[in-house]
Structures are given as structure tokens and as C-alpha cells.
Amino acid sequence: MKDIKFEKNPLKTIPLRQVEIHDRFWDRYIHLVKDVLIPYQWDILNDRIEGVETSHCIKNYRIAAGEEEGDFEGAVFQDTDLAKWLEAAAYVLEISPDKDLECLVDETIKLIGRAQCEDGYLNTYFTIKAPSLRWTNLKEGHELYTAGHMIEAAVACYEATGKTEFLHIMERFADLIGQVFGPGEGQCHGYPGHQEIELALIRLYHATGKKEYAELARYFIDQRGTGENYFLEEEKRETYRQIFPEFADYDAKYSQSHLPVREQTTAEGHAVRAVYMYCAMADLAQLYQDRELLEACRTLWDDMVRRRMYITGGIGSSGLLERFTTDYDLPNDSNYSETCASIGLALFGRRMAQITKDASYMDVVERALYNTVLSGIAMDGKSFFYVNPLEVWPDNCIARTSREHVRPVRQTWFGVACCPPNIARTLASMGQYIYFADEDTLYVNLYISNSTALLLAGDEVRVEMTSDLTNSGHIEMKLLRKEGAGAFCLALRIPDYVSEYSVLADGEQAVQGKASRVLQTRIEKGYLYIEGIEKAETELVIDFSVPPRFVRANPRVRADAGKTAIMKGPLVYCLEETDNGENLSAIFADTTQKMEERYEEELLGGITVITVKGKRLLEDGWEDGSLYAQRSPCFEDVELTAVPYHCWNNRKPGEMLVWMKELV
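Keep in mind the model is a prediction, meaning the values are calculated, not measured.

1. Digging into the overall build of the protein
So, point 1. In terms of helices and strands, the protein carries 17 helices and 23 strands.
So, point 2. In terms of overall size, the protein behaves like a compact globule, its C-alpha atoms giving a radius of gyration of 25 Å where 664 residues would be expected to give roughly 26 Å.
So, point 3. With respect to the principal axes defined by its C-alpha atoms, the protein has extents near 80 × 70 × 50 Å.
So, point 4. Across the 664 residues of the protein, 60% fall into the buried class.
So, point 5. Taking the contacts inside the protein whose residues are at least 6 apart along the sequence as the reference set, 71% of them involve residues at least 24 apart.
So, point 6. When the accessible surface of the protein is summed, it comes to about 26300 Å², and 46% of that surface belongs to carbon and sulfur atoms.
So, point 7. Measuring between centres, the 72 positive side-chain charges of the protein sit 3 Å from its 106 negative side-chain charges.

2. Overview of the packing of helix 1 (residues 27–45) against helix 3 (residues 79–95)
So, point 1. Two elements in contact, helix 1 and helix 3, have axes whose closest approach is 11 Å; the angle formed by their N-to-C orientations is 155 degrees. When the axes of helix 1 and helix 3 are compared, the pair comes out roughly antiparallel. By crossing handedness, the relation of helix 1 to helix 3 is classed as left-handed. On the side of helix 1, the interface is formed by Val33, Lys34, Ile38, Gln41, Trp42 and Leu45, while helix 3 contributes Asp81, Leu82, Trp85, Ala88, Ala89 and Val92.
So, point 2. Of the residues in the contact of helix 1 with helix 3, the class split is nine nonpolar, one polar and two charged.

3. Concerning the nonpolar core
So, point 1. Phe166 and Met477 are the most contacted members of the largest nonpolar core, which totals 212 residues.
So, point 2. One finds Tyr328, Cys397, Val551 and Leu603 within the second-largest nonpolar core, a separate group that totals 26 residues.

4. Observations regarding the packing of helix 11 (residues 271–287) against helix 12 (residues 291–307)
So, point 1. Taken N-terminus to C-terminus, the directions of helix 11 and helix 12 make an angle of 145 degrees; their axes are 8 Å apart at the nearest point. Seen from above, helix 11 lies across helix 12 with left-handed handedness. On the side of helix 11, the interface is formed by Val275, Tyr278, Met281, Ala282, Leu284 and Ala285, while helix 12 contributes Leu293, Leu294, Ala296, Cys297, Leu300 and Met304.
So, point 2. Here the residues of the contact of helix 11 with helix 12 sort into 12 nonpolar, no polar and no charged.

5. Quick word on the pattern of salt bridges
So, point 1. According to the stated counting rule, one finds 46 salt bridges in the structure shown.
So, point 2. Ionic pairing is found between Arg522 and Glu524, a salt bridge with its closest N-O pair at 2.6 Å.
So, point 3. According to the relative accessible area criterion, Arg522 is partly exposed, its value standing at 31%.
So, point 4. Where salt bridges share partners, they join Glu268, Asp303, Arg307, Arg308 and Asp327 into one cluster.

6. Concerning the pairing of strand 21 (residues 635–644)
So, point 1. Pairing analysis gives three bridges linking strand 17 (residues 571–576) to strand 21, with the strands arranged antiparallel. In the strand pairing of strand 21, Tyr573 is matched with Pro644.
So, point 2. In this sheet, strand 21 lies alongside strand 20 (residues 607–617) in antiparallel orientation, the contact comprising eight bridges. Paired with Ile610 across the strands is Ala642, a residue of strand 21.

7. A closer look at a negative patch on the surface
So, point 1. A contiguous patch of negative charge, built from Asp395, Glu582, Glu619, Asp620, Glu623 and Glu636, is present on the exposed surface.
So, point 2. Structurally, the position occupied by Glu582 is in the loop between helix 17 (577–580) and strand 18 (587–589).

8. Quick notes on the pairing of strand 9 (residues 488–493)
So, point 1. Counting buried positions along strand 9 gives six out of six residues, so the element sits mostly inside the fold.
So, point 2. Residues Phe488, Leu490 and Leu492 point to one face of strand 9 and Cys489, Ala491 and Arg493 to the other, with burial holding for every one of them.
So, point 3. In this structure, strand 5 (residues 441–444) lies alongside strand 9, joined through four bridges in parallel fashion. The residue of strand 9 that forms the bridge with Leu442 is Leu490.
So, point 4. Here strand 9 pairs with strand 13 (residues 527–533) via five bridges, running antiparallel. Paired with Leu492 across the bridge in strand 13 is Leu528.

9. Overview of helix 11
Note: α-helices contain 3.6 residues per turn, so residues at a spacing of three or four share the same orientation.
So, point 1. Between its first and last C-alpha, helix 11 extends 24 Å over 17 residues, near the 24 Å set by a 1.5 Å rise per residue.
So, point 2. Within helix 11, 16 of the 17 residues are buried, which leaves the element mostly enclosed by the surrounding structure.

10. Overview of the side chain of Asp79
So, point 1. Along the polypeptide, Asp79 turns up in helix 3.
So, point 2. Among buried Asp, Glu, Lys and Arg side chains, Asp79 stands out as unpaired, with Arg134 the closest opposite charge at 12 Å.
So, point 3. Within the structure, Asp79 has its side chain in polar contact with the side chain of Tyr61 (distance 3.4 Å).
So, point 4. Filtering out sequence-adjacent residues up to four positions away, Asp79 remains in contact with Cys57, Tyr61, Asn123, Thr124, Thr146 and Met150.

11. Quick look at the sheet that holds strand 1 (residues 12–13)
So, point 1. Reading across from one edge, 1-4-5-9-13-12 is the order of the six strands in this open sheet, with mixed pairing throughout. This sheet does not close on itself; its edge strands, each paired only once, are strand 1 and strand 12 (520–524).

12. Thoughts on the sheet that holds strand 14 (residues 537–544)
Neighbouring strands of a sheet are bound in pairs by backbone hydrogen bonds; such pairs are parallel or else antiparallel.
So, point 1. Here seven strands make up an open sheet; going across it, the order is 2-6-7-8-14-10-11 and the pairing antiparallel. Edge positions in the open sheet fall to strand 2 (19–21) and strand 11 (508–509), since each of these has one partner strand only.
So, point 2. Direction of pairing for strand 10 (residues 501–505) relative to strand 14: antiparallel, over a ladder of five bridges. Residue pairing in the sheet places Val503 in a bridge with Ile542 of strand 14.

13. Examining the environment of Leu293
So, point 1. For Leu293, the position within the fold is in helix 12.
So, point 2. Separated by 71 residues in sequence, Leu293 and Asp222 place their C-alpha atoms 9.8 Å apart.
So, point 3. Residues in contact with Leu293, not counting those within four places in the same chain, are Val261, Arg262, Met281, Leu284 and Ala285.

14. Remarks on the packing of aromatic side chains
So, point 1. Evaluated as defined, the whole model comprises 35 aromatic pairs.
So, point 2. With a centroid separation of 5.1 Å and an interplanar angle of 35 degrees, the aromatic rings of Phe25 and Tyr370 are classed as tilted. In this pair, Phe25 sits in the loop between strand 2 and helix 1 while Tyr370 sits in helix 14 (residues 360–375), placing the two residues 345 residues apart along the sequence. Across the pair, Tyr370 and Phe25 agree in class, each one buried.

15. Here we look at helix 12
So, point 1. With 17 residues, helix 12 should cover 24 Å at 1.5 Å per step; its first-to-last C-alpha distance of 24 Å lies within 8% of that length.
So, point 2. Of the residues making up helix 12, those classed as buried are Leu293, Leu294, Ala296, Cys297, Arg298, Leu300, Trp301, Asp303, Met304 and Val305.
So, point 3. Lining the buried residues of helix 12 we find helix 11, helix 13 (339–356) and helix 14.
So, point 4. For helix 12, the N-terminal capping position is held by Asp290, with its side-chain oxygen 3.2 Å away from the main-chain nitrogen of Glu292.

Calculation rules
Residues numbered from 1 in each chain as written. Predicted model: local features only at pLDDT ≥ 70, side-chain atom pairs only at ≥ 80, totals over all residues. Heavy atoms only, no water. Helix = DSSP H or I, 4+ residues; strand = E, 2+ residues; numbered from the N terminus. Rg over C-alpha atoms; globule rule 2.2 N^0.38 Å. Buried < 20%, exposed > 50% of the residue type's maximum accessible area, 1.4 Å probe, protein only. Contact = heavy atoms within 4.5 Å. Areas by Shrake-Rupley, 256 points an atom, 1.4 Å probe, with all protein chains shown as cover. Lys, Arg positive; Asp, Glu negative; His and termini not counted. Charge placed at Lys NZ, Arg CZ, Asp CG, Glu CD. Axes fitted to C-alpha atoms, helices over the stretch in contact; angles between N-to-C directions. Parallel < 35°, antiparallel > 145°, perpendicular 65-115°, else oblique. Left-handed = near helix turned anticlockwise from the far one by under 90°. Nonpolar A, V, L, I, M, F, W, Y, C, P; charged D, E, K, R; others polar. Core = buried A, V, L, I, M, F, W, Y, C linked by side-chain atoms within 4.5 Å. Salt bridge = Lys/Arg side-chain N within 4 Å of Asp/Glu carboxyl O. Pairing = 2+ DSSP bridges. Patch = residues over 30% accessible without salt bridge, like charges linked within 9 Å, V, L, I, M, F, W, Y side chains within 5 Å. Expected span 1.5 Å × (residues − 1). Polar contact = N/O pair within 3.5 Å; in protein donor to acceptor, adjacent residues only side chain to side chain. Phe/Tyr/Trp six-rings, centres within 6.5 Å; stacked < 30°, edge-to-face > 60°.

Printed below as a string of C-alpha cells:
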């Protein structure tokens, strides 16, 4: 642990209101949030759209507030759909103020306040359905998980509007939780069955300055996995009532409660629970300068991304219980790879990059955002994937089979709808991923066209970036400031997929370690530092070489042995039946042939299409219908068309394939 260093001033994200995104690739998705996702999901939360699964979410709040009669409906954590909707709406308001949306948010917050109990408790499931069973089923009840998402929404609303009503509502609840849980006599010594409140409490601490919230988060993390397993002991009590039948014969690894967190070395259990916990661990490691906790984060990250992550940034390979399994177990046609898990992975990676100033974390963040997260939403913003497989044959996605969780088309909504509102809040907060900054250095993490302004070295610097990363790899930046301002530094992330690049500063090549009349540069942990920028205007031209490339998996990944995948820049590509015909498994890619690429303006909103030579195994000689026979294979030459993975299923249903067999 000697190499671990905590920065005196850790890197910070730039407030969303200061980052204006105007990017050819990302605009189509980000604009969906305000124009489509917010109103569409609001209608769903109010049960106004026919043909989708009933949410009942807003009605639950009205019932809890005593304004309507009825029973609770939905999942035990149904409240979180509204929480994530509010968080997304808050980010939209911070970026683009809107009086009508702000009024709707204010009215919704007032409803939440009316549903809050006198002692500060807030959860419509337990208020309506089981008021006597509060805190009796931490394993399954999701009370703390739901509270966490509501706290995050409250902090986001406060930061966006400056209004404190929602923040105070959640402070009351957090104060109650702090009375109920803790190390003291008479307090509950449990912790969340589904982690989330830990990272939310740290956000609440930063918003309010009240250290007790950070201390409570620290307690939950430190208590987890110590002594007799809390959840297994909880099951023995008379007050315990099981909610989910699939949790019978409970495995403590599922909730990462099998060991104290500092002793955990492998990513285990439910993937979303895991990465939300890791986020909190990283936050606490930085806040308390806890080297041991940061080392645990690094160990868990390395295990996850080196042995248990898909090429798309998906995690959680098991369709049963949405969990990690074992090293290199990465099946393509039955995996889960929940969208929320990749969102949590991105949140964790962003935190680790801020703490360590190591760009390799952002390599993974970029991979998850460009592939699995975007795959989770249709281009019209009105249908979603909860599960993100890398191979789909629609005919075998059959209910009550091992692939019943795989959907060959996106769904308009889900009974358990964690992912759609989570996608909305992620897209709305994309500006938080592009840059980090400290007192005198601007870190460029993602090459997304935008403009921003911030203080560096005591003076304002305006940044304008125009990026064509996913097509040509060409990026231009302008750095503008007043004459005589102090010198600052720019740190450009050099992506892990880039082997050749050039950076021109005012027309002069930036060379690692070589001083010039323009600048001095160095490379450290994946960032190219350009130091001593002091002119009123500096123009940078960055060219990353991003040709399409064949990628192979570690031979231990049994599902991918003898196969290859195509990537271009951060984008994973796939074959679709609509371009390549049926039975994609009969296709073999010829990796000795050069791939061709072309930009098609009218296809899928404008994408780069990649073509590759290959062969198709024919059915010639099998006309008699034999299932097995001693026959020689027969092939035909084909030209294969690949499109970005995140675009699949936006034209018509059909097969999809990422990993192709390779001709040898």
C-alpha cells in the first residue's frame, strides 16, 4: 500500500450547469431526457399509458399521505422509481431551467412530504402495507436502499434549485435512521440488504456539512460482514417475513456480507449491490484518508474488470439472481449484465479516477457508458433493455427456461423498473464525467463536444471542444482566458485503445517529455499533461487513431475461445440479422482481411458501419433433415456488416451477435 497517495485536494467534477454538451453522437440521447424520458416516465408513474405494466408509484404516495384509499401495489422498492425520476429532473433543471418542470418537481416534493410519517419515516410500502414491520427485514425490505435513492434525489434537487424543502424531508429521515442504527446500546446493529444509502449519506454530508451522516455511512460499511451474519440471524426472529421466495437458502455473498469489506478480494453476489457499495467505500476512503479501504477498492476493481466484466462493460453474468459467478465465466447468450450494474460501475470508476488520477479507470467508465448503458435505451427513448446480452436468438428466449430473462426486443416498461429511470439520471448527468479539475489542472476524461467555463489558477478559463471520436478520432479544443492570467495545466486522457496519436498546440507537436517554445508535456497514469498554458487563446488539435480492430478474449473465457469481436474507439460492434441474415452462429470472420468503414448519415441517426470479409457455413448436404451426420462442412464467401452494439434492435427484431467465430 506504499504507492497509495491521497491528494490534498482531490479532483472534482464540474457542476452540470457549467457544462453545455452539443455532440453529434450524444445529443440524440441526452436530449431525450428532457423531451421524452421525463414526460414519458412521469405518465408511467401516474399510470396514464395503456399497454405498459402499472407503476402505481404516485398513487402509493397519495395513499400513504391519506389522500386516496387503496392498497400498496408494486415492488417493495417502488418508491425508488420516483426518486430516480426526481434526480433526473433535477439534473435537467440544473442544465436548462424550466418553470413548468420545476413546478411539477415542487408539487411532487410536497406530496412526498405529506406522505412522511410524524417521526420522519418515509416508505410507502411499510407505511401502507406493513407499518409494524419496519426494520424487521433488512435483507429484503429495501428500506435503506429506498431511503438512499430519495436522499440522492433530494441532494440533486437542492443543488439544482437551491430549494431546501426536499433536503429537509430527507434530513428528517436520515436523522431517524441515525437513531435506529449504530453501535450504541438499544440501536440496531444491522446494515442494508441492498447497498445504496451509504453513498447517498456521503452526498448528504457534502450538501449539509453534517458529519453525522458520513459517520452513519461509515458505520454501515464497517459493520457489514462482521460477526454472525446479520441477515441469517434476522431470519430466525419471529418478526421476520420473507418477501422474495428466491432468497430462500440465502447466500451471504449475494449481498457482499460474507466478509468485512476490507477483507473482500473478489467481486461477489448481486452486481448492482456490489458496485453501489464499492462507490461508498471509495468515497469513505477519500473522506477519511483510509488507505486500507482504498486498497480494498483497488483489489475489487481489478478482479471485476480483469476477470468478471464483459467487453461491453457489462457485469453480473448470471441470469439467476443477477450476480457475479466466477472468474472468466462470461456467457454471451444467457448473461444478465443489468443496465443499472454498468451505471454503478461507471460511478465507481469515476470515483477511483478522482482519487488516484489514474486514467485507466475512465477507460472502463467510457466502455460502460458507450456500450451497455446506451444499449439499455431505444433511440426513441420509449423502450428499454434491463438485460444486455451479447448474443440473441429470439426463438430460444422462452419463458420458464434458462433464457427467459433475455428479451429480444426492448420493453416499454417493467414491473421492476430500476433501469429506465436510472438511465435517465445517468444521461442527464453526463456532464459530470467529461472533466475533473483541481486548483490549476483541467483533466479531460471523455471526448464529447461541449463548452464549459471554470476557475483554474485563480482565473476563469473557457473551454470549447469539438469531437468526432467515434468516427475519425479528430478532436479540436480552444482554451480561452484573459491576458496575464496565471498559467494552468491540461491533462488529456490517452484512451487505452489508442496506439497512435498526435497533439498539436497552436500548430506545434506536443511530444512527451520534450520542452518546446509552446509547452512542456509528460505522461503519467494515462494522462498527457500539457503544462504552463498561459496564452489568452490556445488551440489544440488532437488526432487519435481509431481504426476498426479485431479484439480477442483471454483464452480462459470459454465462451469466447476461438472467437473475435470488432471495436472502433470505445464502441463494441455487433452483427444483426437484418444486415447479415439468420443463423449468425454459422458465420466465421476472416481476420486476415482488412476491415472497411463508412459513415452512413441516414442510418440509425448517423453511424459508422464496418464491413469485414468472412464465410458462412451452409446447409448444403443436410437437406434430409439429419440432426447429426459424418459430413464435410461447406462454406460460401460473405461480406459481413457490423453496427455499434448499442444500436442493436432499433430497426427490427432479429438475431444479434458480438463474438464471431474466427477463421484459422
